[in-house]
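A look at the structure
Chain by chain, the residues:
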Amino acid sequence: MDFNSARRDARDFSAISKRHLEPSGASRLRSFVQGIGTSTIFLPDVLAPSRCGYNAVAPVHILEHLNKPFWTSVLLLGCPFGFVVALLPVGRSFGWDLNMTGLLWFSLLAALVPRVFAQLPVDKIYGVNLGSWLLLEPWMLPQGWTDMGGQICADCSQCIESEFAFAMAYPDTVDQTFAKHWDSWFTQSDLQDLKNAGINTLRIPLGYWIVEALVERPVENYPRGGLDYLRRGLGWVRDSGMHVILDHHALPGVQTPGQEFTGQCTDDVQFYTPHNYHRALVWTAVMTTLSHLDPQFSSVFAIEAVNEPIMDASQTPGYGDFQKNFVKTVRAIEALLGIQVTGYNPNLPASFPTTNFTATLQQACSLSLFDAEVVDALLDAIPILSGIGFQYGLTGTFTSEPFNSGRSPLVTNFMDVNWQYDNPPNPANAAIGPQGYDNHLYYSFGGVADADPTAYMQSICNLQRIQDDAELGNSPLWFGEWGLSTQFDASDSFLRQWGDAQKLAYSQSAGWIYWNFKTEISNLTNGTELARQWSYLEALNMDLLPQNAASYYDNDVCQPYINKTSSRSRSVLAEDTAVASAPVVNSTPSKAPLLKLSDHRRRLVKKHYSF
């Protein structure tokens, strides 16, 4: 432990607090401290809980109650709308003279705070998406898709360009065809390559049809058997020591129009209805149970409720209530499993059984311990769990064996509040226990920065999203989708800068998850042109991203672009660096021919706005 550094940090408390607290915030904090009659010091921002997603602007505030001689009460206010209280046994010798004992506890606190607050399994998320594995998006593997029997067309709703359309066109062979894809798209070799590159987290996009009983056949039709491959893959991940976010990427009824990633390319969006909200809650109950009781799921630490809902909140009626019911469904399952969640106590009877989980679910529902929507979801999940238990040899786990999970609560996960506009519901209002927030940022879809290299760098190096989200309680935040794609013909040199700048910006939050782990390389993708900007593994092969996820080509890549004069440009790296006009290396607006799939890649119709 470096006590000289700790002493130096202590001398900097005053300057740091002045630099980071805006006048209004400082005034409110001063009034708060005076109101409770305590002494206050400020830890430097480098000791703030990074997984609050706010460490660049919100120091941790430590308040000592001087009338407690042997214990110091510590109040951590790093993230809005939340706090953690801890007691440190520092003894009478601890005082604001910052003696050696106090410095020791400060250092220990700095190491422990992030895990206490955010309950994430890693210090920083370095992740990739396993896109087009269990939820296939044809634009990412056009040759493979057409070889399977699919089609590519200008309007994806008018041809076989989604899993739904494929299953409807080939009802007798769809399961076998997709089994071959699931078996080959994501392999143990891919996983080892990712682990060797320092990736510690995988976000797995899933359709609701991974729980096959939820598909309302014959009106709906999707490939069957995906759960076999999900369980197999999760077993590989468990053995590798990596961690998983289960992402509900395609919702019942379709949550966003005109997108391959919803599983059915259609403008008839029906997710935002009571019936389909209910089906999504049943999916949630099943996945939560499996995450705690199926050993294959032991790497799962978070479940994301809805990937990329419609951005206009006026078109998503009931979404705020669904957010709350999603969290309550997760926590109800965990309560019945004996998992303690701070702030949640459904008053379970002491006599509840502990050896038959499905019977316990049934009994809990009969006692009306939970809200009606949650009860309905739990009841409908029971026969589904029984069927899965029979299929995968988990019948004893669900019906007769002791079911104390022994695991920590799952992190419930939502797209951040700023994903939507027009008075959106704030998912922070739904939080019970650990919760994380997801933001997706693609400059290539427009609406974020002008289509030139300098504008891209100025924008990303002054990114404000982490602070904006934290002000609304959306912490910890991670960037669950991003990539190297641009609106112009970017040189390799610029893409290295672009990757470094994005990683530096997103690492000020809880971390980042790249889209995607790989894409196809074929004639239909102009060789590596698609993979160059969308495949993490190919970017490693082409030396466009460093071989270690935590490393950079240039740690100072953002220094020339920091704009301290803009009211919206609080820097992600430094506040006091002068604005410079350093050139961007060898990049010009694109006049080159577009990829053959440029008109068909459905992700290109997304609109990602900067709030």
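Heads up: the structure comes first, above all this text.
The model shown is predicted, which means the values in this text are computed figures rather than measured ones.

Enumeration over the complete set of coordinates arrives at 41 aromatic pairs. Relative to Tyr-506, the ring of Trp-482 has its centre 5.5 Å away and its plane inclined at 65°; by these criteria the two rings are edge-to-face. Here Trp-482, found in the loop between strand 11 (477-481) and helix 17 (492-506), pairs with Tyr-506, found in helix 17; they are 24 residues apart in sequence, far enough to count as distant. Each member of the pair, Trp-482 as well as Tyr-506, carries the same accessibility label: buried. Aromatic rings pair up to connect Tyr-126, Phe-479, Trp-482, Tyr-506, Trp-512, Tyr-514 and Tyr-536 into one cluster. Lying across the ring of Tyr-552, Lys-503 places its NZ or CZ 5.1 Å from the centre. Above the plane of the ring of Trp-185 lies Lys-518, whose end atom (NZ or CZ) is 4.6 Å from the centre.

Counting buried positions along helix 15 (residues 453-461) gives seven out of nine residues, so the element sits mostly inside the fold. The complete set of buried residues in helix 15 reads Pro-453, Ala-455, Tyr-456, Met-457, Ser-459, Ile-460 and Cys-461. Packing partners of the buried residues in helix 15 comprise helix 17. Two or three places before Thr-454, at the start of helix 15, stands the capping residue Asp-452, its side-chain oxygen 3.1 Å from that residue's backbone nitrogen.

Moving on, we get to a negative patch on the surface. A cluster of like negative charges, contributed by Asp-321, Glu-373, Asp-376 and Asp-380, occupies part of the molecular surface. Here the negative patch takes three residues from helix 13 (residues 372-391), the largest share from any one element.

Formed by 146 residues in total, the largest nonpolar core has its most connected members in Leu-230, Phe-322, Ile-460 and Tyr-536. With 10 residues, the single largest contributor to this core is helix 10 (residues 274-293). Once residues within four sequence positions are removed from consideration, Phe-322 is found in contact with Phe-271, Tyr-277, Ala-280, Leu-281, Ala-305 and Val-306.

What follows covers the pairing of strand 6 (residues 201-207). Taking burial as the measure, the seven residues of strand 6 include seven buried ones, the bulk of the element. Side chains Thr-201, Arg-203, Pro-205 and Gly-207 project from strand 6 onto one buried face, and the interleaved Leu-202, Ile-204 and Leu-206 project onto a second face that is buried too. Pairing between strand 5 (residues 125-129) and strand 6: three bridges, direction parallel. Bridge pairing in strand 6 links Val-128 to Leu-202. Taken together, the seven bridges between strand 6 and strand 7 (residues 243-250) define a ladder with parallel strand orientation. Its bridge partner lying in strand 7, Thr-201 is registered against His-243.

The tally for this structure, following the rule as stated, stands at three disulfides. Covalently, Cys-153 is tied to Cys-159 through a disulfide, its sulfur atoms 2.1 Å apart. Given an S-S torsion of about -85°, the disulfide between Cys-153 and Cys-159 has left-handed geometry. Cys-159 shares its class with Cys-153; the two are buried. A sulfur-sulfur separation of 1.9 Å characterises the disulfide bridge that pairs Cys-461 with Cys-558. The sign of the S-S torsion, about -80°, decides the handedness of the disulfide formed by Cys-461 and Cys-558: left-handed.

For the pair helix 11 (residues 319-336) and helix 13, interaxial distance at closest approach is 9 Å and the crossing angle is 55°. Regarding the angle of helix 11 to helix 13, the classification is oblique. When you trace helix 11 past helix 13, the crossing you get is right-handed. Seen from helix 11, the contacting residues are Asn-325, Lys-328, Thr-329, Ala-332 and Ile-333; seen from helix 13, they are Glu-373, Val-374 and Leu-378. Among the residues making up the contact of helix 11 with helix 13, the classes are represented as four nonpolar, two polar and two charged.

For the rest of this paragraph, the subject is the pattern of salt bridges. Tallying each qualifying case throughout the model produces 14 salt bridges. One salt bridge in this structure joins Arg-279 and Glu-216, with 3.8 Å as the shortest N-O distance. Placement of the pair is Arg-279 in helix 10 and Glu-216 in the loop between strand 6 and helix 9 (226-240), with a sequence separation of 63 residues. As a salt-bridge pair, Asp-239 and Arg-238 come within 3.1 Å of each other at their nearest N and O atoms. Via salt bridges that share partners, Arg-203, Asp-247, Glu-304, Asp-438 and Glu-481 belong to a single interconnected network.

Reading the values: the criteria
The residue numbers shown here count from 1 along each chain, following its written sequence. Only residues with pLDDT of at least 70 get local features here, since the model is predicted, and only at 80 or more are side-chain atom pairs given and counted; chain-wide, interface and lining totals rely on the full set of residues. To get the side-chain values, take all heavy atoms of the structure and skip hydrogens and water. Stacked, tilted and edge-to-face pairs are distinguished by plane angle, under 30 degrees for stacked and over 60 for edge-to-face with tilted covering the rest, among Phe, Tyr and Trp rings (Trp via its six-membered ring) whose centres lie within 6.5 Å. Runs of E in the DSSP output that reach at least two residues are strands. Runs of H or I that reach at least four are helices, and both are numbered from the N terminus. Working definition: with a 1.4 Å probe on protein chains only, accessible area under 20% of the residue-type maximum means buried, over 50% means exposed, and in between means partly exposed. As a reminder, the over-ring test applies to NZ of lysine and CZ of arginine, requiring each to be within 6 Å of the ring centre and within 35 degrees of the ring normal. Residues are treated as being in contact if the distance between any of their heavy atoms lies within 4.5 Å. Under the rule applied, a polar contact is a pair of N or O atoms within 3.5 Å (in protein, one hydrogen donor and one hydrogen acceptor; residues adjacent in sequence only if both atoms are side-chain atoms). Think of a patch as exposed residues, more than 30% relative accessible area, with no salt bridge, where like charges cluster within 9 Å and nonpolar side chains (Val, Leu, Ile, Met, Phe, Trp, Tyr) cluster within 5 Å. Here the open area of atoms and residues is found with the Shrake-Rupley method and a 1.4 Å probe, where only the protein chains shown may cover a residue. One side-chain nitrogen of Lys or Arg within 4 Å of one carboxyl oxygen of Asp or Glu is enough to make a salt bridge. The charge count includes Lys and Arg as positive and Asp and Glu as negative, but it does not include His or the ends of the chains. For this purpose, a charge sits on NZ of Lys, CZ of Arg, CG of Asp or CD of Glu. The term nonpolar core refers to a set of buried residues drawn from Ala, Val, Leu, Ile, Met, Phe, Trp, Tyr and Cys, joined through side-chain atoms within 4.5 Å. Each pair of strands is called paired provided DSSP finds at least two bridges between the two strands. Criterion for a disulfide: a pair of cysteine sulfur atoms within 2.5 Å. Only the contacting stretch of a helix is used when fitting its axis, a line to C-alpha atoms as for every element, and angles between N-to-C directions run 0 to 180 degrees. Note on terminology: angles under 35 degrees are roughly parallel, angles over 145 are roughly antiparallel, angles of 65 to 115 are roughly perpendicular, and the others are oblique. Left-handed describes a crossing whose near helix is turned anticlockwise from the far helix through less than a right angle; right-handed describes the clockwise counterpart. Think of it as three bins: nonpolar holds Ala, Val, Leu, Ile, Met, Phe, Trp, Tyr, Cys and Pro, charged holds Asp, Glu, Lys and Arg, and polar takes everything else, Gly as well.

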